[in-house]
Each structure stands twice: as structure tokens, then as C-alpha cells.
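Residue-level listing of the chains:
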There are 2 protein chains.
Amino acid sequence: MPNPSVPSALVRYRPAVEDALRAAVGAGNDPLVRTARYVLGWEDESGRPSSAGGKRIRPALCLLAAEAVGGTADDALAGAAAVELVHNFSLVHDDVQDRDAERHHRPTVWALFGEAQAINAGDFLFALAVRTLARAPVPSDRRTAALDALDRAVMEMIRGQWLDISFESRAEISVDEYLEMVRGKTGALLGASLEVGALLAGADASLAGGLRRWGEEIGLAFQAHDDYLGVWGDPEQTGKSNTSDIARRKKTLPVVIALGHPSAGPAVREAYSKRELTADDIAAVVAALERAGADGRCRELARRHEARARELLDALALAPHWREELSAIGEFLVERSS
Amino acid sequence: MPNPSVPSALVRYRPAVEDALRAAVGAGNDPLVRTARYVLGWEDESGRPSSAGGKRIRPALCLLAAEAVGGTADDALAGAAAVELVHNFSLVHDDVQDRDAERHHRPTVWALFGEAQAINAGDFLFALAVRTLARAPVPSDRRTAALDALDRAVMEMIRGQWLDISFESRAEISVDEYLEMVRGKTGALLGASLEVGALLAGADASLAGGLRRWGEEIGLAFQAHDDYLGVWGDPEQTGKSNTSDIARRKKTLPVVIALGHPSAGPAVREAYSKRELTADDIAAVVAALERAGADGRCRELARRHEARARELLDALALAPHWREELSAIGEFLVERSS
């Protein structure tokens, strides 16, 4: 399956998003501000210019939602910066929690400055997001509504993260529990990105909430597909190993599905009880996942949530043009092979 | 020196503060909400009722400021809850960063649930604070002004914390740098507690800012005195060891003062270069601190910032009654012997 091309909205909004983010973070030599610039990909470890930023999907959704509800992208620029800052706050703390020393081929913040300072750096990014949104140049009732929406998503994201970490020490996890975790950890912020943009542009709570629910479902579909690619993706295309999730004994969706299967479950549990997994152990886990039909089940779940997203989108009072743009981003997230 | 009696404002506001905090945190069985109740002292590790909460100084300052500027305590209840939540967020992350396994004779969050979940628990308390303030039942322009003030304090607090951690690996720290750290880590939130209360009650930025600056100076005086007590306090009265700061090689104000002294500096550095300090090492450090005159210098710095606070307070347009109440809390913080 070929990669869908990058949706035009991601390209179109990119310069405005980068400007809004740079304005939110600011210049100056403060080590926390420098760390924020590093995390956002503008500088390398030594403060030299670099361009390692992510795709900025959440800010693009925020600006798109503002335009789709009849406002302007300008209304939502502070929101676009804020959702990206929250996303990066969560990545910095995630990397401490998971002891991941690299992200996108660069050392993570804790790998550079230690865990204590990485906790500070994450806290700082969250505080920057709040400041940015509290100062959005729109009427103050829109500002507080958007802040409340973003903050609720942060709370759901943290709940998802708590759940994810609690899974590490559990032998059985139901698919429903896994999806509840993903709804918090991935869905909440994707959904809030749209909701915040819509609220800043003056949309009513019902339309803004509808856009949020679309984003949440896309988040679920995205994660189910991403977990599928983590085992059955082509490393040539995804750019990442398809054995590392298993080697690190991660409880991704295929693993959760297999854990509930009568013959595959014990095989996965046995392999995951080892300190280090050999290549043979990994191959045995993949075989067990396939015996449990986890590949098909992942794709089915991704399709189901994508279909649910489509229904939600069709029910919203949006001009066809904006519906198509949103669909294109949804497809880009869910149907990509990398 | 006898302990000043507990200021009446702390007693008077306490029930309203607890109610506002309970409303902000909510009930329910979510592990993050339960952890918040534990951190705030309402429950023990097993969820049984307990009463281990702190003095709630920051919320009392918040409500006092609201009344002092001519508003009502009700205007500022959400702010009172928010500043206490932020304070507890910082304690939870601090304990992870410092690897402190106990606080007020109870296990810290990371000691109970691990570092990863403690990071989540701290993040959650910060998010709760933002939600609480974003929903304050006052006009939305007051809400956003208060949020902006609280959030700026959070950023300064994190800067102070970053600086404090960076001191651990530095051989020399100037007294000015130390005070800059304290202004962020301790002063910013104490100051913002007043500012947030004043803004929620409708005060103009100048009066609210004046109250904030008073709180910052009180914070500096408090910390200088607290660092003094950490070495020369009477453990019978303070309830904590006066050797543990040194045993843990903490760079408190007396140590920072001594590090800059020609003969005391090398002695402290030598002791602090050891992995474990013996009782003799600790005695040698205390002798060096006294040789450097650090005891007198700490008290002088506490007095200087207290005097500065007094000047700031005198310059504010407040009725004498409120000025006296604020002074009483300031004295309680700075002149206590425990």
C-alpha cells in the first residue's frame, strides 16, 4: 500500500505554525527555553540551527478546525502552538518514564541533561502551553473555554499514560482497556487540537465537541494501525525496526489481543517473562500473534474507528471542502505505511 | 525565641480552603484522583481517611489578598485551591528529583508507585490547578489574568528548580545566584498566591503586583531563615534533624556562603567530595560554616528581605487591618523557630 501524499493542509499551515511556536517559546539563553527549542527540533544539542521538528499534525488540525467553523486560522494560532507544546511536554516525560534514550535519531532530554532536568523541561513546556493559550488574542470567554478543553485533554492524556504504565506489571489486559488507554494517551489531544481551534474561532460547544470526537476516533484508528506496523510494517518504509517493540516487551495492541488467546497467550507470556529476548523468542512471539489473528484484528479495529470517525464527520455542519481536508489528514494518519 | 502563634487568618480560612480543594479534586476511584487525595493529606496509602495536610499558607494568602483589595474570599476560592495544587505538584516532582522517600513522615508518591507514576501524579495536579482556575466563577477576563499570573509563577518555579539541580554539580555558587534560585523556587508561588487572589477579586495589575512582590520577599526571608534552622535550629523545636542537610551534601544558603570563604570553602568542598559523611565530617562542615560567619549572614539576609517586604507592604493602598494580617503571616513564616 503506497503512502498517501502529505495532505496540503499540513504544508499550507506549516510556516504559520512554526512562527506561532517560535513566538510562544521565545528567544533568549535560559536553559529551559533552549531545551524547548531543542525539543521542537530547531536546534541541536549545542544550540546550532537544525530542522528536526515533527509533522505538526496537531497544530494543523487546530487551524483547520478554526477555518472549518467559519473563523480564521489567525484566531487559533495560539491554540496551535499550545497543542504542539502539550504534545512535546508529554513526549519529554514519556521518554523519562520509558527510559527511551533516542527519539527521531536524536538523544532525548533526559539522556542529555538527566531525568531531574527532563522532568523540569516537560513541566516547562506544559506551563508554556498554558501561558500561550491564556494570552490568545481573542475574547477572554473563548480563551477560557479553549483552556478548559485543552486542560481536560491533558488530564485524559495523563490518565492514559498512568494506565499504560500500569499495564507493564499486569499479565492480562482486555482489548477494551487497551483502547481506553489509547483514547486517553493519543486520542484526547488529537481531539482537543480540533476543539481548541474551533472554540478560539467562536464555534459553539456542540460543533467543537463533534470535531473533538472525530479527532479521538482518528487517534484510536491511528494507534491501532501504528501498533500493527510495529510488528508487520516494512522497516524500509516505516524507518523503524519491526522487532524492537517485542524485544522491549511492549504490550502493544497485537500483544494484548494475543494475551487473551488460549494458545497464543501462554506463548507470549513465556517469552515476555524473560529478561532478554533472543531472535528465536521474538520469532515465537510473532508466530503467536499471528496464530491469535492479531494482525487482522488490529486492521479491523483501525478500520472500525476510521469508519466511526467518518460517520461523525458526515454528521457535522461543515462545508464539503473542509470535510475533505479533514478526511485527507485522517487518511494520512491511518493509512500510511510508514 | 518562642514560636509566634498561628495567625488567625490561617485558622479562619482553613475550612473554606479544604472545601475548595475537595471540590477541585473531586471524588471517585480514579488512581490519579486517589493519589491527589493522598498528597493533600486526606487519605493514607490505603484510602483510609487521614489528616496530614500542610498549613495551607498559600491558599490563605490568596483569600486574604482578595479581601484586602476589597473583594470577597468567595471570589478567590478557585485560586486558593489552584495555588495549593501547584504547590503539591511541585512537591511531588521535587521528591522524584531529589529521591526523597519521605515527606512529613509519610512515603512520597514515587516511593509508593514508582517514579514514572509520580511524574504522572505531579502532571495531573498541575492540570487540576489549571482546570480549577479556568473555571473560577468570576468574569472571564479576571480568570485569564489570574491564570496568566499563576502560570508565570510556575515557570519561575521551574526555573528555580532547574537552577537548584544545576547547583549540585557546581563547585562554586554565588549568594546572588542562590537567592535568584530561591526567588523562583519559593518566592514566585508565594507571591503569585496573593496576586491570583487580588486579580480574581478585581484588583488592578499594580496593586496585585505589589502584593506579589511582598510575597516574593517573604519567600526569600523564609528560605534564608529555614536554611539557617537546617543547621542551627533546635531539632526539639523544628522537629527535624539539623545534620541531615549536610549529611545529604545539600547546598543550602550557609553552605553557599561558606563556599565563597577563603578558608571555610576548601573545608566544605573536601567534606562534600566524600560519598558518605561521618559525624566528624559533619562537625567539620558546621565549624567551617561558623568560621565563615554563615549563621550571622543567613540571619542578616532573612532580616533584609523581611525589611524589604515591610517597605513594600507599607507602600500599598491597604486598610491597616489587612496590612496587620499579612504582616502576621509574614512573621509566622520568617520568625518561627520550628
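Residues numbered from 1 in each chain as written. Chains lettered and ligands numbered in written order. Predicted model: local features only at pLDDT ≥ 70, side-chain atom pairs only at ≥ 80, totals over all residues.

Time to look at the overall build of chain A. In terms of helices and strands, chain A carries 16 helices and 2 strands. Its C-alpha radius of gyration of 20 Å places chain A within 12% of the 20 Å reference for a compact globule of 338 residues. Principal-axis analysis of the C-alpha atoms gives chain A an extent of 60 × 50 × 35 Å. Looking at chain A as a whole, 54% of its 338 residues qualify as buried. (Helix = DSSP H or I, 4+ residues; strand = E, 2+ residues; numbered from the N terminus. Rg over C-alpha atoms; globule rule 2.2 N^0.38 Å. Buried ≥ 20, exposed ≤ 12 C-beta atoms within 10 Å, placed from the backbone.)

What follows covers the environment of Ala-203 of chain A. Residue and element names in this part refer to chain A. By the element assignment, Ala-203 lies in the loop between helix H8 (175-200) and helix H9 (205-232). On the basis of neighbour counts, which here come to 24 C-beta atoms within 10 Å, the residue Ala-203 falls in the buried class. Linking Ala-203 and Ala-66, residues 137 residues apart in sequence, is a C-alpha distance of 8.1 Å. Contacts of Ala-203, omitting those with residues within four sequence positions, involve Val-69, Ala-198 and Ala-208. (Contact = placed C-beta atoms within 7 Å.)

The subject of this paragraph is the nonpolar core. Among the nonpolar cores identified, the biggest contains 236 residues, and Leu-125, Leu-150 and Ala-198 of chain A together with Leu-125, Leu-150 and Ala-198 of chain B are the most heavily contacted of them. If we ignore the near neighbours within four places in the chain, the residues touching Leu-150 of chain B are Ala-82, Val-83, Val-86, Leu-133, Ala-192 and Val-196 of chain B. (Core = buried A, V, L, I, M, F, W, Y, C linked by C-beta atoms within 7 Å.)

Each side of the interface is counted separately: chain A has 33 residues, and chain B has 33 residues. Classifying every residue of the side of chain A that touches chain B gives 16 nonpolar, 7 polar and 10 charged. (Nonpolar A, V, L, I, M, F, W, Y, C, P; charged D, E, K, R; others polar.)

Before going further, it helps to examine the relation of the copies chain A and chain B. Superposition record for chain A on chain B: RMSD 0.0 Å, screw rotation 180°, translation along axis 0.0 Å. Put plainly, the chains are arranged around a two-fold axis. No C-alpha of chain A lies nearer the rotation axis than that of Ser-140 of chain A, which sits 2.8 Å from it. A share of 100% of the interface residues of chain A reappears at the interface of chain B, consistent with the copies meeting face to face through the same patch. (Least-squares fit on C-alpha atoms with pLDDT ≥ 70 in both.)

The next subject is the confidence of the model for chain A. Scored by pLDDT, chain A comes out at a mean of 95, with 98% of its residues at no less than 70. Both scores are given for the predicted complex: the pTM is 0.96, the ipTM 0.96. (pLDDT = per-residue confidence, 0-100.)

The subject of this paragraph is helix H8 (residues 175-200) of chain B. Residue and element names in this part refer to chain B. Compared with the 38 Å implied by 1.5 Å per residue over 26 residues, the 35 Å span of H8 between its first and last C-alpha is a close match. The principal kink in H8, of about 50°, is found at Gly-187. For H8, the tally of buried residues reaches 21 of 26 residues, placing the bulk of the element in the interior. Phi turns positive, to about 95°, at Gly-202, one or two residues after H8. (Expected span 1.5 Å × (residues − 1). Bend = angle between axes of the 7 residues up to and from the residue.)

Residue and element names in this part refer to chain A. Even without being glycine, Arg-56 reaches a positive phi, approximately 55°. Tracing the backbone through its elements, the reader meets Arg-56 in the loop between helix H2 (31-39) and helix H3 (57-68). For His-105, which is not glycine, the phi torsion reads 60° and is therefore positive. Note on His-105: 7 C-beta atoms within 10 Å, which makes it exposed.

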